[in-house]
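For reference, the chains in residue letters:
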Amino acid sequence: MIEFPDGFLWGTATAAHQVEGGNWNNDWWAWEHTPGSGCVDPSGDACDHYARFADDVAMLAGLGFNAYRFSLEWSRIEPEPGLWSTASLDHYRRVCEACLAHAVTPMVTLHHFTLPRWVAHVGGWESPDTAGRFGAFCERAVAALGDLVGWAVTMNEPNVVAMMGYQAGMFPPGRRDPSLRRSVTDILLDAHRQGGAALRDGPGHFPVGLSLSMTDFQAIDGGEERVARYRRAGEDMWLEAARDDDFLGVQTYTRMRVSAGGPVGNAPGVPVTQMGYEDYPAALGACLRRAADVAGATPLVVTENGISTDDDDRRLAFVEAALAEVGACLSDGLDVRGYVYWSLLDNFEWAFGYGPKFGLVAVDRGTFERRPKPSAFWLGSLARANRLEAKAAR
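Note that the structure is predicted; figures quoted are calculated from it, not measured.

How each quantity is defined
- Residues numbered from 1 in each chain as written.
- Predicted model: local features only at pLDDT ≥ 70, side-chain atom pairs only at ≥ 80, totals over all residues.
- Heavy atoms only, no water.
- Helix = DSSP H or I, 4+ residues; strand = E, 2+ residues; numbered from the N terminus.
- Rg over C-alpha atoms; globule rule 2.2 N^0.38 Å.
- Buried < 20%, exposed > 50% of the residue type's maximum accessible area, 1.4 Å probe, protein only.
- Contact = heavy atoms within 4.5 Å.
- Areas by Shrake-Rupley, 256 points an atom, 1.4 Å probe, with all protein chains shown as cover.
- Axes fitted to C-alpha atoms, helices over the stretch in contact; angles between N-to-C directions.
- Parallel < 35°, antiparallel > 145°, perpendicular 65-115°, else oblique.
- Left-handed = near helix turned anticlockwise from the far one by under 90°.
- Nonpolar A, V, L, I, M, F, W, Y, C, P; charged D, E, K, R; others polar.
- Pairing = 2+ DSSP bridges.
- Salt bridge = Lys/Arg side-chain N within 4 Å of Asp/Glu carboxyl O.
- Expected span 1.5 Å × (residues − 1).
- Arc of directions from axis to C-beta.
- Polar contact = N/O pair within 3.5 Å; in protein donor to acceptor, adjacent residues only side chain to side chain.
- Core = buried A, V, L, I, M, F, W, Y, C linked by side-chain atoms within 4.5 Å.

1. Some remarks on the overall build of the protein chain
Part 1 of the reasoning: Across its full length, the protein chain holds 13 helices and 13 strands.
Part 2 of the reasoning: The C-alpha atoms of the protein chain give a radius of gyration of 20 Å, which matches the 21 Å a tight globule of 394 residues would have.
Part 3 of the reasoning: Its C-alpha atoms give the protein chain principal-axis dimensions of about 55 × 50 × 45 Å.
Part 4 of the reasoning: Among the 394 residues that make up the protein chain, the fraction classed as buried is 59%.
Part 5 of the reasoning: Considering only contacts within the protein chain whose residues lie at least 6 apart along the sequence, 77% involve residues at least 24 apart.
Part 6 of the reasoning: On the protein chain, roughly 14700 Å² of surface is accessible, and the fraction owed to carbon and sulfur atoms is 51%.

Structural data, given as structure tokens:
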């Protein structure tokens, strides 16, 4: 039996561009429609969550969850420089109000991968000025919503933004320049600090932090130095920055085996997910421990963890094993405050389109009908009980 602490956050997550639909005014919409970008599908209407949020919040509360992590779409709130949309801010205020009406904690993410087109046109994250623009956005957002916010995430996986957009070329703006990745990382760090300061100025009183994509790097055949290099490039500066924050969001999906020559691919015989990752839930425990080692006393929240699969029994097994890792970390004294599953809905998975199925809830692509999967009811029941029995009945 794993007993979770009183007040433990049991949540599920979405991101605006992946579920709302119609976010045509950001850089990702433009990227989806750029020939050669590699995107499988355009986002289009996504899950129509912008119109259906009230029902979706009621659904997740009814399942048993006490937290909902969602993001604000900057391009809706500031569609042109200095032009602020009261209607859009009122919409996100209604999302927060819907959460609170169902005793669900609103966990608000200020930046989840997308930029307004006008910000992209003036340099995006290559421009140092974008940090200040993001700070101003956070200031306006907290003025409108701060009294309702439960937790705030300044930026979702900024290390992924830097890597995938400026070195790997798979996210907008499609650059392939390792040196640019480093300078962009500095600007993203500045944006996190400026955004965090604006959020802490209120109104409202809530924990502020960032969410970091972490991988369980495992050295084999002399790969220790390369693992250290990967960690320095993609994780360490963010873990160090989190020492000054109220919490750190840890987001983990799998491991990576690394030799002296680089990544060696998946281990033979280990099943893989629809994303091509190893099905390896033990990665969560390893990354939580490393986060605690580097970030020090900063509390941790699992702000994303999950698996892309059409086999819901496999999803249940993955989450059960991942939660056992959380329980072991708690037993060892780590300050872990919550577990947020990615994702509430089967949604638009960026360059992979609508193929990967991470959701606890299936969405009919034609009618938008929601159909909770057995994993949704199972995980919701654990959330209500605030405990996990070994090999819990499914």
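2. Side note on the packing of helix α11 (residues 283–295) against helix α12 (residues 312–331)
Part 1 of the reasoning: The geometry of α11 relative to α12 is characterised by a closest axis approach of 8 Å and an angle of 30 degrees between their N-to-C directions. By the angle between their directions, the pair α11 and α12 is classed as roughly parallel. In this structure, the crossing between α11 and α12 has a hand that is right-handed. Packed against α11, whose contacting residues are Leu284, Gly285, Leu288 and Arg289, the element α12 presents Ala322, Glu325, Val326, Ala328 and Cys329 at the interface.
Part 2 of the reasoning: Residues that form the contact of α11 with α12 fall into these classes: 6 nonpolar, 1 polar and 2 charged.

3. Brief notes about the pairing of strand β7 (residues 247–259)
Part 1 of the reasoning: The element β7 is extensively covered by neighbouring structure, given that 12 of its 13 residues are classed as buried.
Part 2 of the reasoning: One ladder, built from 10 bridges, connects strand β6 (residues 208–219) with β7; its direction is parallel. Residue pairing across strands places Ala219 opposite Val258, the latter belonging to β7.
Part 3 of the reasoning: Two elements, β7 and strand β9 (residues 300–304), share 4 bridges in a ladder whose sense is parallel.

4. Some words on the pattern of salt bridges
Part 1 of the reasoning: Evaluation of the coordinates by the stated rule reveals 20 salt bridges.
Part 2 of the reasoning: When the shortest N-O distance is used, the salt bridge between Asp48 and Arg52 registers 2.6 Å.
Part 3 of the reasoning: Using a relative accessible area of 29% as the deciding quantity, one classes Arg52 as partly exposed.
Part 4 of the reasoning: The shortest N-O distance in the salt bridge between Arg290 and Glu235 comes to 2.9 Å. Here Arg290, found in helix α11, pairs with Glu235, found in helix α10 (residues 224–241); they are 55 residues apart in sequence, far enough to count as distant.
Part 5 of the reasoning: You can call Arg290 buried: its relative accessible area is 16%.
Part 6 of the reasoning: Residues participating in the shared-partner salt-bridge network are Arg93, Glu97 and Asp147.

5. Some remarks on helix α7 (residues 129–145)
Part 1 of the reasoning: Helix length check: α7 (17 residues) gives 25 Å between terminal C-alpha atoms against 24 Å at 1.5 Å per residue, within 8%.
Part 2 of the reasoning: Taken as a whole, α7 has its buried residues at Thr130, Ala131, Phe134, Gly135, Phe137, Cys138, Ala141, Val142 and Leu145. Seen from one end, α7 has its buried residues packed into an arc of 160 degrees, which puts them on one side.
Part 3 of the reasoning: Buried residues along α7 sit in contact with α4 (74–77), α5 (86–101), β4 (105–111), α6 (117–121), β5 (151–156) and α9 (178–200).

6. So, unusual backbone geometry
Part 1 of the reasoning: With omega at 15 degrees, the peptide bond leading from Gly202 into Pro203 counts as cis.
Part 2 of the reasoning: Along the chain, the position of Pro203 falls in the loop between α9 and β6.
Part 3 of the reasoning: The omega angle of the peptide bond from Trp342 to Ser343 is 10 degrees, so this bond is cis rather than trans.
Part 4 of the reasoning: Looking at the element boundaries, Ser343 is found in the loop between β10 (336–342) and β11 (361–363).
Part 5 of the reasoning: The backbone of Phe113 sits at a positive phi, close to 80 degrees, despite the residue not being glycine.
Part 6 of the reasoning: Assignment of secondary structure puts Phe113 in the loop between β4 and α6.
Part 7 of the reasoning: One non-glycine residue, Asp221, adopts positive backbone phi at about 50 degrees.
Part 8 of the reasoning: By the element assignment, Asp221 lies in the loop between β6 and α10.
Part 9 of the reasoning: The exposed category is assigned to Asp221, whose relative accessible area is 66%.

7. Some remarks on the side chain of His17
Part 1 of the reasoning: Relative to the elements of secondary structure, His17 occurs in helix α1 (residues 16–19).
Part 2 of the reasoning: Here His17 falls in the buried class, since its relative accessible area comes to 2%.
Part 3 of the reasoning: Looking at His17, its side chain comes within polar contact range of the side chain of Ser43, at 3.4 Å.
Part 4 of the reasoning: Among residues more than four places away in sequence, those in contact with His17 are Asn23, Asn26, Trp28, Trp29, Glu32, Ser43, Ala46, Glu73, Thr114, Phe348 and Trp350.

8. Digging into the nonpolar core
Part 1 of the reasoning: Of all hydrophobic cores here, the largest spans 110 residues; its most connected members are Leu72, Trp125, Leu248, Val326, Tyr339 and Leu379.
Part 2 of the reasoning: With near-sequence residues (within four places) excluded, Leu72 lies in contact with Ala16, Ile77, Tyr92, Val108, Thr109, Leu110, Phe137, Ala141 and Leu145.
Part 3 of the reasoning: Counting 14 residues, the second-largest nonpolar core is a separate cluster that includes Leu9, Val153, Val301 and Phe358.

9. Observations concerning the packing of helix α8 (residues 158–166) against α9
Part 1 of the reasoning: Two elements in contact, α8 and α9, have axes whose closest approach is 9 Å; the angle formed by their N-to-C orientations is 150 degrees. By the angle between their directions, the pair α8 and α9 is classed as roughly antiparallel. For the crossing formed where α8 meets α9, the hand is right-handed. Every residue of α9 that contacts α8 at Pro158, Val161, Ala162, Met163 and Tyr166 is listed here: Leu180, Arg181, Val184, Thr185 and Leu188.

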